[in-house]
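Residue-level structural notes
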Amino acid sequence: MNTPLSRRVRDLVYQTFAAQGRAPSLAELAGRTQSTIDSIHQILDDLAHEHALVLNPDRDAVRMAHPFTAAPMAFVVTPADGHDDRRWWGGCAWDSFGISAALHLDVRIDTACPQCGAEIRLVSGPTVTPPAGPTVRFPRPARQWWDDVVGTCTMIRMFCDRDHAEQWTADNDPGGGYVVDATTVWRLAGPWYGDRLHPDFQPHSREFNQRLLDECGLTGPFWELP
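1. A short note on the packing of helix α7 (residues 182-193) against helix α8 (residues 206-215)
In contact at an axis separation of 9 Å, α7 and α8 are set at 160° when each is read in the N-to-C sense. Taken together, α7 and α8 sit at an angle that is classed as roughly antiparallel. Seen from above, α7 lies across α8 with right-handed handedness. Here α7 contributes R187, L188, P191 and W192 to the contact with α8, which in turn contributes F208, N209, L212, L213 and E215. Looking at the contact of α7 with α8 residue by residue, the classes come out as six nonpolar, one polar and two charged.

2. Side note on the sheet that holds strand β10 (residues 178-181)
Pairing between the strands of a sheet is mediated by backbone hydrogen bonds and can be parallel or antiparallel. The three strands are arranged β9-β8-β10 in an open sheet whose pairing can be described as antiparallel. Edge positions in the open sheet fall to β9 (157-159) and β10, since each of these has one partner strand only. Mean inter-strand twist for the sheet, computed between neighbouring axes without regard to direction, equals 35°. Relative to β10, strand β8 (residues 135-138) is paired through four bridges, and the arrangement is antiparallel. Considered in β10, the bridge of R137 is made with V179.

3. Quick look at the nonpolar core
One broad trend across soluble globular proteins is that nonpolar side chains are buried collectively. L44, L53, W94, F97, F138 and W192 are the most contacted members of the largest nonpolar core, which totals 67 residues. At seven residues, α7 tops the list of elements feeding residues into this core. What W192 contacts, discounting residues up to four positions off in sequence, is W94, W145, H204, N209, L212, L213 and L225.

4. A few points about the layout of surface pockets
One number sums up the size of the largest pocket: a volume of about 670 Å³. As for the largest pocket, its lining consists of 29 residues, of which H51, W146, W192, R196 and N209 are closest to the centre. If one sorts the elements of the lining of the largest pocket by residue count, helix α5 (residues 149-154) sits on top with three residues. Residues that form the lining of the largest pocket fall into these classes: 18 nonpolar, six polar and five charged. If you add up the space inside the second largest pocket, you get close to 190 Å³. Lining of the second largest pocket is provided by A48, H49, H51, L53, V54, L55, N56, R59, W146, D148, V149 and V150. Elements that contribute at least two residues to the lining of the second largest pocket include exactly α3 (37-49), β1 (54-55) and α5.

5. Focus: the pattern of salt bridges
Side chains that carry opposite charge are capable of pairing whenever their charged atoms lie near each other. Taken as a whole and judged by the stated rule, the model has ten salt bridges. Across the salt bridge formed by R10 and D11, the nearest N and O atoms sit 3.0 Å from each other. Judged by its relative accessible area of 14%, D11 is buried. Between R137 and D173 there is a salt bridge, with the nearest N and O atoms lying 2.6 Å from each other.

6. Concerning the sheet that holds strand β3 (residues 68-69)
The strand order across the open sheet formed by seven strands is β1-β2-β3-β5-β4-β6-β7, and the pairing between neighbours is antiparallel. The open sheet has two edge strands, β1 and β7 (119-124), and neither has a second partner. Looking at chain direction, β3 and strand β5 (residues 88-90) are connected through two bridges and run antiparallel. Residue pairing for β5: T69 is matched across the bridge by W89. Contacting β2 (62-65), β3 and β5, helix α1 (residues 4-20) crosses the sheet at an angle of about 85° to β2.

7. With respect to the pairing of β2
Both β1 and β2 contribute to a ladder of two bridges, which runs antiparallel. Its bridge partner lying in β2, L55 is registered against V62. The turn joining β1 and β2, which pair antiparallel and follow one another in sequence, is formed by six residues; a positive phi near 60° is taken by R59. When β2 meets β3, the two strands line up antiparallel, connected through two bridges. Looking across to β3, one finds that A65 is bridged to F68. The antiparallel pairing of β2 with β3 creates a hairpin that spans two residues between the two strands.

Rules used in this analysis
- Residues numbered from 1 in each chain as written.
- Predicted model: local features only at pLDDT ≥ 70, side-chain atom pairs only at ≥ 80, totals over all residues.
- Heavy atoms only, no water.
- Axes fitted to C-alpha atoms, helices over the stretch in contact; angles between N-to-C directions.
- Helix = DSSP H or I, 4+ residues; strand = E, 2+ residues; numbered from the N terminus.
- Parallel < 35°, antiparallel > 145°, perpendicular 65-115°, else oblique.
- Left-handed = near helix turned anticlockwise from the far one by under 90°.
- Contact = heavy atoms within 4.5 Å.
- Nonpolar A, V, L, I, M, F, W, Y, C, P; charged D, E, K, R; others polar.
- Pairing = 2+ DSSP bridges.
- Core = buried A, V, L, I, M, F, W, Y, C linked by side-chain atoms within 4.5 Å.
- Buried < 20%, exposed > 50% of the residue type's maximum accessible area, 1.4 Å probe, protein only.
- 1 Å grid on protein atoms, 1.4 Å probe; cavity = no way out; pocket = protein on both sides within 12 Å on 5 of 7 lines; lining within 4 Å.
- Points joined across faces, edges and corners; volume = space filled by probe spheres on them.
- Salt bridge = Lys/Arg side-chain N within 4 Å of Asp/Glu carboxyl O.

Geometric descriptors of this kind do not, in isolation, establish any biological role.
Structure, rendered in structure tokens:
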């Protein structure tokens, strides 16, 4: 976001996700900024390099703008009031709470436990704590998240309870991952994502994000950011 145009493109991506649950196309971004497709393509590539968003494998469309995703990733996020007809795909359990935080909106999160397949449905919001019981499994250490960020997000799943998360890990990834209660992930999502749609948003520093992890009790080598 080194130029006014790149900042405008970044903000339009987030505004479109927030309002419509989808990513804008390159043509839309070019039209709304009175730019060329080639210049938008270069800006998106630069933003992806800065981890401001994620492109698809062909690098010709926005795949994710955390906490939003343009494709299904096991979580559906819906406004809790029943009147707002917007819908979003949650990129992972953490991002699903993050959508609520970014929009300052109470939401219903729908997913399924990877271990038993049971439906998990909960209501959460900026000041509405998720219910006790569900847990979230992080598949890899923080320093590796961006090695394959879509793969990382795909596997940050929510389970019925800690026993199911630990059994799934034992069966599928022995010795790997880290299981956290959903309430802790909700606490982390608030300050991590709560300013993503602010007009004066600036990327968080590594030190800032590390402090957020520490304040949620997520400490030790697994949680050390690169």
